[in-house]
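# Residue-level structure breakdown
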Amino acid sequence: MTMLSSPRRPRDIALREPRGLMLALPAVFLLVGIFVVPIVIVIGVSLTDYNFGDSGAGFVGLRNYREFLGDPTALQALWHSIYYTLIVAPLTLCLGLFIACLIQARERFRHFYEIIFFLPVTSTFVAMALVWQFLLHGRIGPINEWLVRLGLERIDFLTDPEYALITLSAIGVWQLVGQSTILFLAGLAAIPQDIYDAGALDGMDQGWDRFSTLTFPLITPTALFVLITTTITAFQVFDSVAALTKGGPGISTQTLLYKIYLEAYQYSNTSYAATLSVLFLAIIFTFTLFQLFVANRNVHY
Amino acid sequence: MAIASAPTTRTGNHRSAAIASHATLWILAGFIVVPYVWMALTAGRMPDEIFTRPFGLPAFSNYLANVQLAFGTAPLARFMFNGFAVTALILGFQIAIAIPCAYALTKCRLPFSGLLFGLVLAALCVPIQVPMLPIYIGLASIGALNTYFSLIVPFVASPFAIFLFRQQIQSYPTDIVRAARLDGFSEFEIITRLIVPSLRPSIAAFAVFSITTHWNDLYWPMISISDINMATPPLGLLYFRDGDIGANYGALMMAAIMAIIPMMLVYFAAQRQFVRGMAVTGFR
Amino acid sequence: MRILSLMTLTVMSALLALPSVAQSDPVELKVMYASPSHKRFHDPLAAAFMKKHPDVKVTYLAPASTYPEGHEKILRGAVTGNLPDVWYSGYTFVPELCERLGKEGKIVDLTPLIAAEGKEWASSNYKDATLALGQVNGRQCAMPVTMSTPIVFFNKDLVAKAGGDPANFPRDWNGLIGLSQKISATGLGDGLSYAVNEWGDDWLWQNLILNFGGTIMDPAKTKVTFGDAAGEKAVDLIKRLVTEDKMPILNEDQAIQQFVAGKLGIVVASTAEIRGMDQAVGGKFEFGTAPYPKGSGLAAGGSAAVILSTDEAKQKLAWEWIKFVTGPEGQEIVVKGSGYMPTNKRALASDRLGKFYSENPDWTTSVKQTDIAKPWFGYPGGAGARIWEQQKIIISDIMRDQTSPKEGLARMVAKTEELIKR
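Residues numbered from 1 in each chain as written. Chains lettered and ligands numbered in written order. Predicted model: local features only at pLDDT ≥ 70, side-chain atom pairs only at ≥ 80, totals over all residues.

### Regarding the overall build of chain C
Our working rule: Counting from the N terminus, the helices are the DSSP runs of H or I reaching at least four residues and the strands are the DSSP runs of E reaching at least two. The quantity called the radius of gyration is restricted to C-alpha atoms. Its globule counterpart is 2.2 Å times the number of residues to the power 0.38. Note on burial: count the other C-beta atoms lying within 10 Å of the residue's C-beta; 20 or more is buried, 12 or fewer is exposed, in between is partly exposed, and C-beta positions come from the backbone. Here, residue contact means that the backbone-derived C-beta atoms of the two residues sit within 7 Å.
A tally of regular secondary structure across chain C gives 19 helices and 12 strands. Relative to the compact-globule value of 22 Å for 422 residues, chain C shows a C-alpha radius of gyration of 23 Å, a close match. Per-residue burial over chain C gives 51% buried out of 422 residues. In chain C, 75% of the contacts between residues at least 6 apart in sequence involve partners at least 24 apart.

### Points about the overall build of chain B
Helix and strand counts for chain B stand at 14 helices and zero strands. The order of helices and strands in chain B, counted from the N terminus, is α-α-α-α-α-α-α-α-α-α-α-α-α-α. Every one of the 284 residues in chain B was classed for burial, and the buried ones make up 53%. Here the contacts in chain B between residues at least 6 apart in sequence split such that 75% fall between residues at least 24 apart.

### Brief notes about the sheet that holds strand β10 (residues 287-291) of chain C
All names here are of chain C. Let me state the cut-off plainly: At least two bridges found by DSSP between two strands are what make those strands a pair. Here an angle of 0 to 180 degrees is reported between the N-to-C directions of two axes, which are lines fitted to C-alpha atoms, with helices fitted over the stretch in contact.
With mixed pairing, the four strands of this open sheet are ordered in space as β8-β9-β7-β10. Strands with a single pairing partner mark the edges of an open sheet, and in this sheet they are β8 (190-193) and β10. Here the strands of the sheet are splayed against their neighbours by 20° on average, with no regard to which way each runs. One ladder, built from five bridges, connects strand β7 (residues 150-155) with β10; its direction is antiparallel. What sits directly across from Val152, in β10, is Ala290. Taken strand by strand, helix α12 (residues 252-260) contacts β7, β8 and β9 (264-270), and its axis lies near 135° from that of β9.

### Concerning the environment of C:Ile209
Residue and element names in this part refer to chain C. Position of Ile209 relative to the elements: it lies in helix α10 (residues 203-211). On the basis of neighbour count, Ile209 is assigned to the buried category, with 24 C-beta atoms found within 10 Å. Taking the C-alpha atoms as reference, Ile209 lies 9.2 Å from Ala299; in sequence the two are 90 residues apart. Excluding anything up to four places from it in sequence, Ile209 contacts Gly214, Ile216, Phe226, Ala230, Gly231 and Ala234.

### Quick notes on the nonpolar core
Applicable threshold: Think of a nonpolar core as buried Ala, Val, Leu, Ile, Met, Phe, Trp, Tyr and Cys residues, each tied to the set through C-beta atoms within 7 Å.
Counting residues in each nonpolar core, the largest one holds 289 residues, and the members touching the most others are B:Ala255 and B:Ala256. The biggest single contributor to this core is helix α3 (residues 76-107) of chain B, with 15 residues. Setting aside chain neighbours within four positions, we find B:Ala256 in contact with A:Ala127, A:Leu130, A:Val131, B:Met39 and B:Leu237.

### Quick word on the interface of chain A and chain B
We count it as follows: Polarity classes work like this: nonpolar for Ala, Val, Leu, Ile, Met, Phe, Trp, Tyr, Cys and Pro, charged for Asp, Glu, Lys and Arg, and polar for all others, with Gly in that last group.
In this assembly, 89 residues from chain A lie in contact with 87 residues from chain B. Broken down by element, the residue count for the side of chain A that touches chain B peaks at 17 residues, all from helix α1 (residues 17-45) of chain A. Residue classes in the side of chain A that touches chain B are distributed as 65 nonpolar, 13 polar and 11 charged.

### Structural notes on helix α11 (residues 229-244) of chain C
Note on helix geometry: an α-helix contains 3.6 residues per turn, so any two residues three or four positions apart are oriented the same way. Residue and element names in this part refer to chain C. Keep this limit in mind: Working rule for helices: expected span equals 1.5 Å times residues minus one. Summarising the geometry, the arc corresponds to the directions from the helix axis toward the C-beta atoms.
Look at α11: 21 Å from first C-alpha to last across 16 residues, which is about the 22 Å you get at 1.5 Å a residue. The complete set of buried residues in α11 reads Ala230, Gly231, Ala234, Val235, Ile238 and Leu241. Mapping the buried residues of α11 onto a view down its axis gives an arc of 135°, with all of them on the same face. Exposed residues lying more than 90 degrees from the buried face of α11 are Ala229 and Thr243.

### A closer look at the interface of chain C and chain A
In this assembly, 22 residues from chain C lie in contact with 20 residues from chain A. Tallying contributions element by element places helix α3 (residues 67-80) of chain C first for the side of chain C that touches chain A, with five residues. Its residues assigned to classes, the side of chain C that touches chain A comprises eight nonpolar, six polar and eight charged.

### Some remarks on the packing of helix α18 (residues 384-399) of chain C against helix α19 (residues 405-421) of chain C
Residues and elements named next belong to chain C. Applied cut-off: Angle categories are assigned with fixed cut-offs, so that under 35 degrees is roughly parallel, over 145 is roughly antiparallel, 65 to 115 is roughly perpendicular, and the rest are oblique.
Between α18 and α19, whose axes approach to 9 Å, the crossing angle comes to 170°. Considering their axes alone, α18 and α19 lie roughly antiparallel with respect to each other. Judged by residue contacts, Arg386, Ile387, Gln390, Gln391, Ile394, Asp397 and Ile398 of α18 engage Pro405, Gly408, Arg411, Met412, Lys415, Thr416 and Leu419 from α19. Classifying every residue of the contact of α18 with α19 gives six nonpolar, four polar and four charged.

### Some points on the pairing of strand β1 (residues 27-32) of chain C
All names here are of chain C. Selection criterion: Orient the strands so they point away from the viewer; a crossover is then right-handed if the path from the first strand over the helix to the second runs clockwise.
Where β1 lies against strand β2 (residues 56-60), five bridges are found, and the strand directions are parallel. Following the sheet pairing, Val31 is matched in β2 by Tyr60. Of the crossover connections in this fold, the one passing from β1 over helix α2 (residues 39-52) to the parallel β2 is right-handed.

### Observations regarding the confidence of the model for chain B
When pLDDT is low, close inspection of the predicted coordinates is not appropriate. Residues and elements named next belong to chain B. Note the cut-off: The quantity known as pLDDT measures the predictor's confidence residue by residue, on a range of 0 to 100.
When the pLDDT values of chain B are averaged, the result is 85; 88% of them are 70 or greater. Averaged pLDDT values over the elements of chain B bottom out at 64 in helix α14 (residues 271-281) and peak at 96 in helix α6 (residues 148-152). A low-confidence stretch, residues 1-10 stays under pLDDT 50, and its non-local contacts, those more than four residues away or across chains, total 15 contacts.

### Some words on the environment of C:Lys246
Residue placement: C:Lys246 occurs in the loop between α11 and α12. Residue C:Lys246 is classed as partly exposed on the basis of its C-beta count, with 14 C-beta atoms lying within 10 Å.

### Considerations on the pairing of strand β6 (residues 143-148) of chain C
Residues and elements named next belong to chain C. The buried fraction of β6 amounts to six of the six residues, a majority that puts the element mostly inside the structure. Strand direction decides the pairing type here: β6 and strand β11 (residues 298-307), joined by five bridges, are antiparallel. Bridge pairing in β11 places Pro144 opposite Ala304.

### Things to note about the environment of C:Glu96
Residues and elements named next belong to chain C. Examined against the element boundaries, Glu96 turns out to sit in helix α4 (residues 94-103). On the basis of neighbour counts, which here come to 21 C-beta atoms within 10 Å, the residue Glu96 falls in the buried class. Each C-alpha atom of the pair Glu96 and Pro380 lies 6.7 Å from the other, and the pair is 284 residues apart in sequence. Once residues lying within four places of it in the same chain are set aside, the contact partners of Glu96 are Gly378, Gly382 and Gly384.

### Examining the confidence of the model for chain C
For chain C, per-residue confidence averages 89 on the pLDDT scale, and residues scoring 70 or more make up 94% of the total. This stretch, residues 1-10 of chain C, has a pLDDT under 50; its non-local contacts, to residues over four places away or in other chains, come to seven contacts.

Spelled out as C-alpha cells, the structure:
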C-alpha cells in the first residue's frame, strides 16, 4: 500500500483542464469551508476573549495559553488523556499481537475468533456502556459480587477516583483489541511462508524463538502502524467518559476532549475552548502525519 | 491464509500446543463476550428479577414484553430512523463529492493539484472535533441546529474518501479514459460509467467504515441536537437511560441490542471490506 | 456534473426547510425540564393540557440531566435564539437567570400577568412564601412548579433485621449513623448513603449548612459565610459518614439503584423520588420515609417555570400552560407522579391530594418539615453552575482523606469567592 506517492502531473493533451476544475470544485469548496476556515477561526478565537454570545471580542494575545498553563483542571485533563493513552495503546498492541499470533497458527475457528474479537469495534459504544455501568456498579454490579464471592474487596470501579480512569482504560482496551488483532492478522498473513520454512531448518520452528527472531522483526512496521493508530484513537476518547462517568467522580476522568466539550458547549467559554482545541489539534495532527508517513513507508498489505 | 504448521516430527507436542492456544483464545474471547452475554440475559428480565435472580435463563415472553416497552416508551423507532437517514445522507454526499474530486486529481490536468492534494492530506490529519466548534456557532447563528442538515454537515466532505478513491483511480488505465473522451464521453459519463464500477470494492470498504462511524458517533449529536426527535441511536439511548425507563434495565438492554444490531449486520455482510477499510484508516 | 450539484443544492435546501415545515403544525409550545426521569409526570401533564386545548401541541425538548446543565443550556440558547418557550429552572438558578436574561428582555415578567388574573387569583391559589421562591428584585420572574425537601428513605426489612425499629426511626445524625453501622454489620447491604459529593447540584450540601444553622452568603451577597461553625459541622459530618460507617461513595442515581435493589438500608434523597422508588422497588421489600435529621433549616428544592418565548401569542399560551401546571389539577399530577409537595393550595382539597395524603402518610414527610424550609441559595456573578463543579471536588477530597475537613472547608470558601468574583 503506497499511500503518499506524490500526484503525478500527467502531461497529456487529452486530459481536459477546465472540466477537471469543475469536478474538484465542490470538494475544494467544502474542504475549505469545513476544515480550513474553521481552523483559522479556532486559532484566531484562541487569541481573543470571545465568549459564545458576545457581540464583539478583544485581542488578548497568548493570555488564554498562559491561563491554560496555570489551570490545574485543564492540565489534569491533558494528563488524563495521556494516562489513558499510555495504558490503552501499549496494552492493545501487545494483546492484539498475542491474539493474532494465536489465531494465525490455527485454522479451525479462525473465522469465529475474528468475529468475536472484532465485535466491540463495531458495537455502538453507548449501548455497551449501558451494560458496563451495570456490570461495574460498585455495590450491586455482578463483577463486584464475584469479587466478594472470591473473598476480595469490592471496588467502586466507576465512582472511586482512584479506579475510575483505570476502569475506563480497561474498557478502552476491550473496545480496541479487536482492531489491533485484525491489523496484525493482515500483517502476519503477508509474511511469506518460505521465511518460516527457512527458519525451521535452523531449528526455529516454533514458540518464542520463532517469534522473536522471525515474526517480530517482520511485523514491526505493522506494530508501529497499530501503535500510532491506537494512540490517535485513544487520545480522542470521549464516548466512554460521556456515557459512563461524565468526567467524574470529581474531575478524575475528564479527558482533554471532554474538557473541550464542557468549556465549549456547556460553559460557553469559547475562546478558552478554542485554545484547548488548538492544543488538541496540534497533538492529533502530529500523530496522524506520522501515521501517514509510517503507512507510506513500511506497511504493505 | 493460515500458515500450515511447519513440518515436524513432534506432532504430539504440536497437538498440545494447539489445545493450549485454543484454550487461551477461548478465555480471552470469554472476556470480550461477557457484556454481550449479560446484555442478552438482562434484556429478558422483568424489573423485579434483575437483582433477585440475575443468572438463570429468562423466559421468552419477557423478551417480547421488553421489546414492546423499548419501542413503546421511548421513540426508539424514531432514533433508528434518524440513524439510517443520517448515515445514508452522509455516505451519499461523501461519495458524490469525493469521487469527482479524486478523479480530477488523477485523470485531469488540474491547476494547483499539488496544493489540493496537500489540502486533502492536511484535512486527513485534523480531528473533526476542532472545526466543529465554529461550525456549531455558525449553525446556531442561522438557526439550523436540531436538523438533519446540522447532523450531516461537518461530515459531507471526507478527506479520507478522496484519499482512498484517488489511490484506486490512479491505477485505472489512463488510456481507457483517453479513449472514452475521444469517443465523446463527457467527464460525468466517464465517472459514472467507467470509474464508479471500477471503484466498487473501495466504495464498499469506505461505506462500511463511514456507516459504522456515523451510526456510532456521539460527540456531534450531543452538541448539535437538543430535540429528542432528532436524536440518533447513541444519543437516544442516553436519553432513554436517564429517562423513565432508566430503572428498568431489561427494557434498556433491549434498546441497546436494537442499537447494535444494524452495525453487526453490516459487519457480517461486509466483513472483508470492513477489515480492508480499517487497515487503511486505522478506523478513527 | 451540473445535475449532481443541482441535486446537492435541492437536497440541502430541502433539509434546511425541514424544521420550518415541522413548525407549521398546530401551535406548538416547547417546554424543557431537568431530570429526565421526571418524564413520569411531565408526559401526563402535557396530555391533560392538550385534551383541554386540542389546538395546542406541547412538545418537550430533550430534558437536561441536571439543573446546572439545563441552566447552561438555556444561557447558550439565549445566544443562539434556540430557546424553549417554557423552562423549569432550579430555584438556585432563578435569580441568575432572571438577571441575565432580564437585561436583554429575553424573559417575561410575570407580575402583570398575575395582576391581570384578578385580585383574588394569586392569593387563593398560592401561599405568599411559595410565590416568593420565584421572585427576583420584587418581580415575579418564575412560577414555582415543584417543591421538595430532602427526606430519609429506609428499607424496613433491613432496618428490622439490623435490630432497629422502623416505627421509631432515628431523628438525628448520631442515631442514623448508629443504625447504619448495625445494618452493614448484618452483611446484607450497606448502611447509609448521603451522596452529597456526587449530587447533580449543591442541594444536599446546602441542606447540611442550613440544617446546622449556617448561611451560604451574607444577605448583601458579598461574602461567603459557610466557613463558620455550621460549615465545620457539615464537613465533620461528611467525614464521619465515611469513617464511622463505610458509606458507599456513589452518585445520586447509583445510590437510588442500590437502594431499590434492596442492598442499601438508608438513603437521603428528595421527596420527589417516592413514586420512582415505589415503582422500582415493585414490592420486593417495604420502605418507609422519615424526616431529615432535626436541625434549624432546610433548602427548598425544586423548580419554577419561566417564559422565554418572545412571540406574544406564544407567551400567552405559555402562561395558560403555567397556570395549568401550577393549578390544582396540574399539581395533583405532579405530586402523585413524583412525591413533590404541591405549590398550589387548592391541590390540597380532599378530592385531590387531601384523601391521598391521609392514605399515604409516607408522602407527607416532606410536607411536615416545610416550616423550616428556606430558599435554595443562588450565587451571584453568573458562575453558579461552575461553583458546584469545584466545591464537589473538594468534598470528595475530604471524604477520601485527601484533605482534612477544616482545610477542605477553607478551600471551598476560597474557591467559591474566587469564582464569584471572576
